[in-house]
Structure formats: structure tokens, C-alpha cells
Amino acid sequence: MTLFDLTGKTALVTGASGGIGQAIAIGFAEAGANVIGVASSGCDATVAAIAAAGGNAKQIKADLSDESRLEAVVEEALGMYGAIDILVNNAGMIRRTPAAEHARADWHAVIALNLNSLFFLSQLVGRHMIERGSGKIINIASMLSFQGGINVPGYTASKHGVAGVTKALANEWAGKGVQVNAIAPGYIETNNTAPIVADEKRYNSILERIPAGRWGSPQDLKGPAVFLASSASDYLNGHVLCVDGGWMAR
Ligand code: NAP
């Protein structure tokens, strides 16, 4: 399976302390990559899990909503294994209140993390990838990159933006050896969706619409992420890959 082999590659994964980011980080390590996890609370559990399985992982503790921290995060990451071959912009947050009452502070917080940090990190790491003539950037989008959602206007705006930025960067960088793509997860059980999972009625109404007949688990994102990070996807650019149990096909 050399097409999917990530041996010798270094991946920077944001939001790797738990949920989808943690699963992707572990999947990359299983495929042979060195992994650097970033989260505001650090990534102790992820680093320990990778090390216990014989892989290589390090972490950076940083609040990525703070634009002024981003240069230092990328510099520190570059110093850890000498290069960044793969960037996964996964860190994200959601604030749930109806649009009419949606606080400006919530709007700004969600856009700052989900969209601004994703673009600024892509710029910083992308410059380094362009210089080397190769690299893979994977942005974590959402079903709300396509749909409106309920009570999450800032999140929906940010995730539509993620799909747009993915295509914009792919257009500019595909010819420079840098593939930029996105994964749009369906409904995955993590901290992000815990309030919906706890609401039995809402949980079941979503479940009824998923052709696969189950909510997703973070493990479901491992394979698609390894594919987009590996040379198996070298001619794939600007694609938003739905990993949703068929939700969008319904
Ligand atoms: P999660 O379990 O809440 O994970 C969020 C990750 O982001 C955590 O590692 C968190 O770590 C990190 N993070 C949050 N704020 C941060 C900050 N200011 N700076 C740095 N890191 C920060 O949720 P998840 O479901 O795995 O979400 C991961 C991504 O998938 C998000 O972009 C989300 O929008 C997207 N997504 C999720 C679903 C789903 O159904 N779960 C569906 C579509 C898209 P710390 O708290 O330690 O900082």
C-alpha cells in the first residue's frame, strides 16, 4: 500500500486533543507520519496514544483564535521535524443560538477560529510548501458548507467559507505541487455534537436521514484523511469530500 504510505512525512494537525482531530492524528501516525498536534489544552492523550503504538508525535499548546500566535506555532512546528508536509486545519468550535439573538461575540469567536485561523495557517504553511514544491492541506468543512443549519449562523458562514477558501487555494497552488482539499464530515459523535446527541428527539431525527443508518465516529475520518494526505490523491485539487454516511445523497 505504498500509495497511502506516509513514512517520513510530517503532519501538523490542529484540534488534535480529541474528536476528529485526534482520530486523524492517530491515523496518520499509523500510516507512518510524524505528527504534531495543536490544541489550546495541549494534546497529551493523543501524543501518548501514538507513542504507545510506537509512533512519533509532539504537541504545541496554543489558542489558534489568537492571530498573533500563528507565526510562532508554525515556526515551532517547523523546528520539530524540519518540515511540514501535511497540514490539517481541523480546530473548530460551534455556538448555538437562533440567528435573531446570535451574539456578535459568538459570531466573531467562531469566524476567528474556524475561518481566520484556517486561512492564516494555510498561508503560513503554504508558503513553505510552495517553496519546497510539495504539500497537502486538508481543511475540515461540514455539511453546513452546503446547508444552512439551525441556530448556528456563524458556524454555517465559517464552513461555507472553508469550502470557498479550499477552492481558492487549490486554484492558485495546484500548479505549485500543493494539493488543497477538504473533508466535510456528516454527523459525528464528538464534544462538538454532544448537545444534539443528548437531545434524543433531535438525535433520532438526524439518524433517520442518514442512509448508512448510524451516526459517524471520529474513526470514520481516518481513511479519507490518509487518502488526502498521501500520494494516492496527487491529482485531486479543490475537492470537498463528504464523509457523511450518505447524508448529502438523500
Ligand atoms: P471537538 O471534539 O470539540 O474538537 C475540537 C478540537 O478543536 C479540540 O481538539 C479542541 O481542543 C480544538 N480547539 C478548540 N478551540 C481551539 C482553539 N481556540 N485553539 C486551538 N484548538 C482549539 O469537535 P470535533 O467534532 O472533533 O470537531 C473537529 C472539526 O470537525 C471542527 O472543525 C468541526 O467544526 C468539524 N466538524 C465536526 C462535525 C461533527 O459532527 N462532530 C461535523 C462537521 C464538521 P482544545 O479544546 O483543547 O483547544
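Coordinates for the structure precede this section.
Calculation rules
- Residues numbered from 1 in each chain as written.
- Predicted model: local features only at pLDDT ≥ 70, side-chain atom pairs only at ≥ 80, totals over all residues.
- Heavy atoms only, no water.
- Pairing = 2+ DSSP bridges.
- Helix = DSSP H or I, 4+ residues; strand = E, 2+ residues; numbered from the N terminus.
- Axes fitted to C-alpha atoms, helices over the stretch in contact; angles between N-to-C directions.
- Contact = heavy atoms within 4.5 Å.
- Phe/Tyr/Trp six-rings, centres within 6.5 Å; stacked < 30°, edge-to-face > 60°.
- Buried < 20%, exposed > 50% of the residue type's maximum accessible area, 1.4 Å probe, protein only.
- 1 Å grid on protein atoms, 1.4 Å probe; cavity = no way out; pocket = protein on both sides within 12 Å on 5 of 7 lines; lining within 4 Å.
- Points joined across faces, edges and corners; volume = space filled by probe spheres on them.
- Nonpolar A, V, L, I, M, F, W, Y, C, P; charged D, E, K, R; others polar.
- Expected span 1.5 Å × (residues − 1).

A. Examining the sheet that holds strand S7 (residues 240–243) more closely. Strand order in the open sheet made by the 7 strands is S3-S2-S1-S4-S5-S6-S7, with parallel pairing throughout. The open sheet is flanked by strand S3 (56–61) and S7, the only strands paired with a single partner. Neighbouring strand axes in the sheet, compared pairwise and without regard to direction, differ in orientation by 20° on average. In the sheet, strand S2 (residues 34–39) pairs with S3 via 6 bridges, with the strands oriented parallel. For Asn-34, the partnering residue across the bridge sits in S3 and is Asn-56. Against the sheet, helix H1 (residues 19–30) engages strand S1 (10–14), S2, strand S4 (86–89), strand S5 (135–140) and strand S6 (178–185), with an angle of about 170° to S1. Running at roughly 170° to S3, helix H2 (residues 44–52) makes contact with S2 and S3 of the sheet.

B. The packing of aromatic side chains, seen in detail. A complete count under the given rule lists 5 aromatic pairs for this structure. Between Phe-119 and Phe-120 the ring centres are 5.9 Å apart and the planes differ by 55°, which places this aromatic pair in the tilted class. On the accessibility criterion, Phe-119 (29% relative accessible area) is partly exposed. With 4.9 Å between their ring centres and 55° between their planes, Tyr-187 and Trp-247 make a pair best called tilted. Taken together, the positions of Tyr-187 in the loop between S6 and helix H6 (194–198) and Trp-247 in the segment after S7 put the pair 60 residues apart, joining distant regions of the chain.

C. Broad picture of the pairing of S4. The alternating pattern of S4 places Ile-86 and Val-88 on one face and Leu-87 and Asn-89 on the opposite face, and all of these are buried. Relative to S4, S1 is paired through 3 bridges, and the arrangement is parallel. What sits directly across from Val-13, in S4, is Val-88. Sheet topology note: the S4/S5 ladder contains 4 bridges and is parallel.

D. Geometry of empty space enclosed by the protein. As enumerated under the stated definition, the model contains 1 cavity of 30 Å³ or more in all. If you add up the space inside the largest cavity, you get close to 40 Å³. Taken together, Thr-14, Asn-89, Asn-90, Ala-91, Leu-113, Asn-114, Ser-117, Leu-118 and Leu-121 form the lining of the largest cavity. With 5 residues, the top contributor of residues to the lining of the largest cavity is helix H4 (residues 104–132). In terms of residue class, the lining of the largest cavity is built from 4 nonpolar, 5 polar and no charged.

E. Structural detail: H1. End to end, H1 covers 17 Å across 12 residues, agreeing with the expected 16 Å (1.5 Å per residue, within 8%). Considered for burial, the residues of H1 that qualify are Ile-20, Gly-21, Ala-23, Ile-24, Ala-25, Gly-27, Phe-28 and Ala-29.

F. Examining the environment of Asn-151 more closely. On the secondary structure map, Asn-151 appears in the loop between S5 and helix H5 (153–173). Spatially, the C-alpha atoms of Asn-151 and Val-165 are 23 Å apart, while their sequence positions differ by 14 residues. Apart from the residues within four sequence positions on either side, Asn-151 is in contact with Arg-95, Arg-96, Thr-97, Pro-98 and His-102.

G. A look at the layout of surface pockets. Size it by volume and the largest pocket reaches roughly 1,100 Å³. Tallied by class, residues from the lining of the largest pocket come to 22 nonpolar, 19 polar and 5 charged. Here the second largest pocket defines a volume of roughly 170 Å³. Looking at the second largest pocket, it is lined by 14 residues, and the ones nearest its centre are Lys-9, Ser-134, Lys-136, Ala-229 and Asp-234. For the lining of the second largest pocket, the residue count by class is 2 nonpolar, 7 polar and 5 charged.

Structural measurements only, silent on function.
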